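# Structural overview
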Amino acid sequence: MADRMTQLQDMINEMASLMTNAIGVLQATAPPCEFGAISQELEDEPNCAIFASSIAKAAKNIEILIDSFPIDSGNMEDQLEEKMLENDVEQRKKVDELLDLVSESNTLVKVVQNKLTEISHVQMSSRPNE
Amino acid sequence: MLPGFGTQTVSPFPNPPEYALAYTSDRIDNGSAPAPPHAFTEFKVFGEEYRLEEEVVAPLKSAGVQELFKDKHNWKAEMKKLNRSAVVAFFDLVEILIRCPDHPAREDKMNDLHTIFINMHHLINEFRPVQARESVRVLQDRQIAELTDICDTFKQYLEEGKEVIDDQFKLVSGKLTPPPLPSELSKVKLQEGVLHALIEAHKESGDAEMSEAEEARKRNLMESLTREDGPPSVMNLLTRQLHDISLMK
């Protein structure tokens, strides 16, 4: 499943190939015909209808896909750049906040460790002498 | 591999560029080494040419193809117009083929169709850098959201941890309640100072002869200690044990 842009490119290529194939196949597989009159066999040719409907479907699909794009008209590039700079500033703030929290947690861990070593010392020293 | 030696060994790799000789350690320490050379803006990578000075999407005019769209900013409308024109051009082409296949207008129509398709692809290519930048912005948004989440959960954990530690410290620094006295039902009575007297009584027996009074006192003490009124006290049990030990000797 490619992204929409690639899909659109593929569909355009498909429509172009349908057009060329339609003309080519119909010309190559055409039954002999008389001048001035359209024979019954020519009328019954099924490929005509098939090609016509597929070309129409391809064009319609392309139109639907184009409509589905989340693009708003106007100058998007400047807006984008503004938003990216904003995001950059905010990300730096968040990172600083996280660093502060981490250092705070480090001090807390040190306090707990100190208490634990104190407890262990007291326990060891309070063992009965042998 | 060093130049100046007798035998010239052929190395499979190309030699370093000539300007590298200017960057000796002494000259770098001196500060007189030349500035680093500028990066290339035109180069070949795996046989493909890269020209960084140019625009990312080559304008149509350089390829000699006529531009068909007027308003570049209205991407959707222009694409739809091109789509319709493609179908119409195909229709016209088929009409010409029906009526007069050798007419020169056939070539014109084919070129028109060709141009239309190239324009369509060109519009899509022009949109690609915008798409890329947009995806970078979305990536930034997601990163910021993730960081905010992490910060919040971290703060929560820190708060909980601090609470627990504070509780523990309060517990340690607070005064413990005194141990409860044993109840009557536990069948053990504490008698203060009696153990000490008992021990002394037994110690003295190992010393020099004792006088009659001391003997009597000892006997009275023993009797009082081993009196069996109420539940047996700790002293009673201890005296009995000592007695048994002395008997065993």
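Residues numbered from 1 in each chain as written. Chains lettered and ligands numbered in written order. Predicted model: local features only at pLDDT ≥ 70, side-chain atom pairs only at ≥ 80, totals over all residues. Heavy atoms only, no water.

Time to look at the overall build of chain B. Helix and strand content of chain B: six helices and two strands. Counting every position in chain B, which comprises 249 residues, the buried fraction comes to 17%. Summing over all exposed atoms, chain B offers an accessible surface of approximately 19,900 Å²; the carbon and sulfur share of this is 59%. (Helix = DSSP H or I, 4+ residues; strand = E, 2+ residues; numbered from the N terminus. Buried < 20%, exposed > 50% of the residue type's maximum accessible area, 1.4 Å probe, protein only. Areas by Shrake-Rupley, 256 points an atom, 1.4 Å probe, with all protein chains shown as cover.)

What follows covers helix H1 (residues 4–28) of chain A. Working note: α-helix, 3.6 residues per turn, so residues spaced by three or four point in the same direction. Compared with an ideal rise of 1.5 Å per residue, which puts 25 residues at 36 Å, H1(A) spans 35 Å between its outermost C-alpha atoms and is within 8% of the ideal. Next to the buried residues of H1(A) lie helix H3 (46–67) of chain A together with helix H2 (75–99) and helix H3 (105–173) of chain B. (Expected span 1.5 Å × (residues − 1). Contact = heavy atoms within 4.5 Å.)

With that settled, the discussion passes to the interface of chain B and chain A. At the junction of the two partners, chain B supplies 43 residues and chain A supplies 44 residues. Summed over both sides, the interface between chain B and chain A buries roughly 4,200 Å², with carbon and sulfur atoms accounting for 72% of that surface. Considering only the surface of chain B that becomes buried against chain A, Lys76(B), Phe90(B) and Ile144(B) emerge as the three largest contributors, covering 13% of it. One can count five salt bridges joining chain B with chain A. Measuring nitrogen to oxygen at the nearest pair gives 3.1 Å for the salt bridge that ties Asp3(A) to Arg128(B). The tally of links between chain B and chain A comes to 15 residue pairs in polar contact (both at pLDDT 80 or more). Broken down by element, the side of chain B that touches chain A gets its largest block of residues, 29 residues, from H3(B). Residue composition of the side of chain B that touches chain A, grouped by class: 23 nonpolar, ten polar and ten charged. (Buried area = accessible area lost by both parts, 1.4 Å probe. Salt bridge = Lys/Arg side-chain N within 4 Å of Asp/Glu carboxyl O. Polar contact = N/O pair within 3.5 Å; in protein donor to acceptor, adjacent residues only side chain to side chain. Nonpolar A, V, L, I, M, F, W, Y, C, P; charged D, E, K, R; others polar.)

Quick look at the nonpolar core now. Counting residues in hydrophobic clusters, the biggest one holds 32 residues, and the most contacted among them are Leu8(A), Ile12(A), Met15(A), Trp75(B), Met79(B), Phe117(B) and Met120(B). Elements with a contribution of two residues or more to this core: H1 and H3 of chain A together with H2 and H3 of chain B. Leu98(A), Leu101(A), Leu147(B) and Leu158(B) belong to the second largest nonpolar core, which has five residues in total. (Core = buried A, V, L, I, M, F, W, Y, C linked by side-chain atoms within 4.5 Å.)

Before going further, it helps to examine the pattern of salt bridges. Taken as a whole and assessed by the stated rule, the structure comprises 15 salt bridges over all chains. When the shortest N-O distance is used, the salt bridge between Glu104(A) and Lys162(B) registers 2.6 Å. A residue pair is termed interchain when its members come from two chains, as with Glu104(A) in helix H4 (residues 76–125) and Lys162(B) in helix H3. Here Lys115(A) ties to Glu118(A) by a salt bridge, and the two come within 3.6 Å at their closest N and O atoms. Residue Lys115(A) and its partner Glu118(A) are located together in helix H4, separated by three residues, close to a single helical turn. The class for Lys115(A) is partly exposed, based on a relative accessible area of 29%. Judged by its relative accessible area of 44%, Glu118(A) falls in the partly exposed class.

With that out of the way, let us pick up the pairing of strand E2 (residues 48–51) of chain B. Residue and element names in this part refer to chain B. In terms of strand pairing, strand E1 (residues 42–45) meets E2 through four bridges, oriented antiparallel. In the sheet register, phenylalanine 43 faces E2, and the bridge partner there is tyrosine 50. Between E1 and E2, which pair antiparallel one after the other, the connecting turn spans two residues, and phenylalanine 46 there sits at a positive phi close to 50 degrees. (Pairing = 2+ DSSP bridges.)

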